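Chain by chain, the residues run as shown.
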Amino acid sequence: MNLRETLTRIVLVVLLLYSLASLLSVGRELRQAELLRQQLLQQTESQQALQQDLEHKLAQGQSPEELQQLARERLGLVLPGEKLFYFF
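For clarity, every value in this text was computed on a predicted model and none was experimentally measured.

What counts, and at which threshold
Residues numbered from 1 in each chain as written. Predicted model: local features only at pLDDT ≥ 70, side-chain atom pairs only at ≥ 80, totals over all residues. Heavy atoms only, no water. Salt bridge = Lys/Arg side-chain N within 4 Å of Asp/Glu carboxyl O. Helix = DSSP H or I, 4+ residues; strand = E, 2+ residues; numbered from the N terminus. Buried < 20%, exposed > 50% of the residue type's maximum accessible area, 1.4 Å probe, protein only. Expected span 1.5 Å × (residues − 1). Polar contact = N/O pair within 3.5 Å; in protein donor to acceptor, adjacent residues only side chain to side chain.

1. With respect to the pattern of salt bridges
By the definition in use, this model includes two salt bridges. A salt bridge links E34 to R37; its shortest N-O distance comes to 2.8 Å. Of this pair, E34 and R37 both sit in helix 1 (residues 3-60), three residues apart, which is roughly one turn of that helix. E34 sits in the partly exposed class, given a relative accessible area of 32%. A salt bridge links E82 to R72, with the nearest nitrogen and oxygen atoms 2.9 Å apart. Note that E82 is positioned in the segment after helix 2 (64-75) and R72 in helix 2, a separation of 10 residues in sequence. Overall, the relative accessible area of 35% leaves E82 in the partly exposed class. Since its relative accessible area comes to 31%, R72 is described here as partly exposed.

Given below as structure tokens:
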């Protein structure tokens, strides 16, 4: 075997190893991208379910009593003449 054949084989082995390393790297990136895609799909489904729930509540409308209760709980509002006490 002469020097030229030896160099050719070395170059081919190096190229083969480089190609294998690149292929493994791309495979890892594909797996990570698939995991991210699945997470995003789950988030999308969750957000769509929340949106449908909110649209349903909006379509139903809320009674004045429900609105009053929400204002009391979330905004801390009181009716005229009522007093609000905070205990720490």
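2. Some thoughts on helix 1
Here helix 1 is 58 residues long and its end C-alpha atoms lie 85 Å apart, about the 86 Å a rise of 1.5 Å per residue gives. For helix 1, the capping residue at the N-terminal end is N2, with a side-chain oxygen 3.2 Å from the backbone nitrogen of R4. Of the residues one or two after helix 1, G61 is the one with positive phi, at around 75 degrees.

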